[in-house]
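Each chain, letter by letter, is given below.
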Amino acid sequence: MSSALTDLCRHPIVQAPMAGGASCPQLAAAVSEAGGLGFLAAGYKTADGMYQEVKQVRGLTTQPFGVNLFMPQPSTADHGAVEVYRHQLAGEAAWYETPLGDPDSGRDDGYEAKLAILLDDPVPVVSFTFGCPTRDVLDSFAKAGTFTVVTVTTPEEAQAAQWAGADAVCVQGVEAGGHQGTHRDDPETDGAGIGLLSLIALVRETVQLPVIAAGGLMRGGQIAGALAAGAVAGQLGTAFLVCPESGANALHKQAMTNPLFVRTELTRAFSGRPARGLVNRFMREHGPYAPAAYPQVHHLTSGLRKAAAKAGDPQGMALWAGQGHRLARDLPAGRLVEVLVAETDSARAALALGGSR
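S.K.: Give me the lowdown on the side chain of Gln235, citing residues and values where you can.
M.R.: Counting through the fold element by element, Gln235 comes out in strand 9 (residues 233-236). Gln235 sits in the buried class, given a relative accessible area of 13%. Once residues lying within four places of it in the same chain are set aside, the contact partners of Gln235 are Val14, Gln15, Ala16, Pro17, Cys170, Ile212, Ala213, Ala214, Gly215 and Leu217.

See below:
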């Protein structure tokens, strides 16, 4: 690992920030305590809600951890298309007996307020999704002693992150669960994502920044493969989602290995932005018609998803999952880190032995 990342965690394992509740303080602290790098997800939280979680993590561990921020989104949504989708979802609202949300609830996710808190009371790592901060923002974090990471899905996005002054990039392959962290949401590129190993190589050819690899990683052998390809660490989300410390809904955890859910797909059905999840009824019925309108669609469907969870109906929930979801292991987070480290070390030793012959 690069020296800066080595100072942050003993092992090349990062717990992905999963917005929506999974990446809670208990999970982040457990991963960091085990020598990985735990992450809080500030997305969909108020600035004060984020700060309260930061305080909780600090009360649970003295080890470094990170906070992930969503970048503000431009106003490019077609309001007419959002209204058409609202009418299409009327039956869902009636079924779950809950009103649809206000699509205009906000596009910036409290970004400036969260920046102010994290610069006033710095945490070891801050990462960004859905875009790249300005050089001024990244310089401010550098002065505060915070290590910065920008999520990228193309070599061009990685280059933008390097120009802006990021310390590292999180290279997200198309295999990843949850939202694709593209800097610009272009419907014409739907389905054109790059696989992780190819993307690592492309980014390594383009920038000199350390690369954290994300996308479908569930076993130490895969982490070793990403490290061999040039990454300095692997970032895992779905693998940690099923841990007892995870704040994910029990139905979401059970769905990871439920034979009823056989595959994942990228969909705009729940949020208006491409995100990978287990294919369920809601995705099949509404995915083909969902507009490119984030976070408007997210706000619109938020109540529906909560009502479906309350009703015990996974067919109406956003079951975010990476392509390797069937490999999920119900282990305490600290134990999972230990297992992943052992698997990674074993795989790297086998690669080294093979190369010495």
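So, next bit.
S.K.: Describe the pattern of salt bridges, naming the residues involved and giving the relevant values.
M.R.: Counted under the stated rule, the structure contains 13 salt bridges. Across the pair Asp109 and Lys114 runs a salt bridge whose closest N-O atoms are separated by 3.0 Å. Given a relative accessible area of 2%, Lys114 falls into the buried group. A salt bridge links Arg184 to Asp186; the nearest nitrogen and oxygen atoms lie 3.5 Å apart. Since its relative accessible area comes to 62%, Arg184 is described here as exposed. Shared partners join several salt bridges into a network, and the residues in it are Glu92, Arg281 and Glu285.

S.K.: Tell me about the sheet that holds strand 7 (residues 178-179), and please be specific about residues and values.
M.R.: Pairing within the open sheet is antiparallel, and its 3 strands lie in the order 7-11-10. What marks the edges here is a single partner per strand, and that holds for strand 7 and strand 10 (264-267). Direction of pairing for strand 10 relative to strand 11 (residues 275-278): antiparallel, over a ladder of 4 bridges. In the strand pairing of strand 11, Thr264 is matched with Leu278.

S.K.: Outline the packing of aromatic side chains, listing residues and values.
M.R.: Scanning the entire structure with this criterion turns up 6 aromatic pairs. Pairing Tyr44 with Phe70 gives two aromatic rings, centres 5.3 Å apart and planes at 80 degrees, and the pair type is edge-to-face. Here Tyr44, found in the loop between strand 2 (38-41) and helix 3 (47-60), pairs with Phe70, found in strand 3 (residues 65-70); they are 26 residues apart in sequence, far enough to count as distant. Of the residues examined, Tyr44 reaches a relative accessible area of 31% and is grouped as partly exposed. On the basis of relative accessible area, Phe70 is assigned to the buried category, the value being 9%. Taking the centre distance of 4.8 Å and the plane angle of 20 degrees together, the rings of Phe270 and Phe282 count as stacked. One end of the pair, Phe270, is in the loop between strand 10 and strand 11; the other, Phe282, is in helix 13 (residues 281-286), and 12 residues separate them in sequence. There is no split in this pair, since Phe270 and Phe282 are both buried. Members of the aromatic cluster, connected to one another through ring pairs, are Tyr44, Phe70, Phe130 and Tyr294.

Rules used in this analysis
Residues numbered from 1 in each chain as written. Predicted model: local features only at pLDDT ≥ 70, side-chain atom pairs only at ≥ 80, totals over all residues. Heavy atoms only, no water. Helix = DSSP H or I, 4+ residues; strand = E, 2+ residues; numbered from the N terminus. Buried < 20%, exposed > 50% of the residue type's maximum accessible area, 1.4 Å probe, protein only. Contact = heavy atoms within 4.5 Å. Salt bridge = Lys/Arg side-chain N within 4 Å of Asp/Glu carboxyl O. Pairing = 2+ DSSP bridges. Phe/Tyr/Trp six-rings, centres within 6.5 Å; stacked < 30°, edge-to-face > 60°.

Interpretation note: all reported values are geometric properties and have no functional meaning in isolation.
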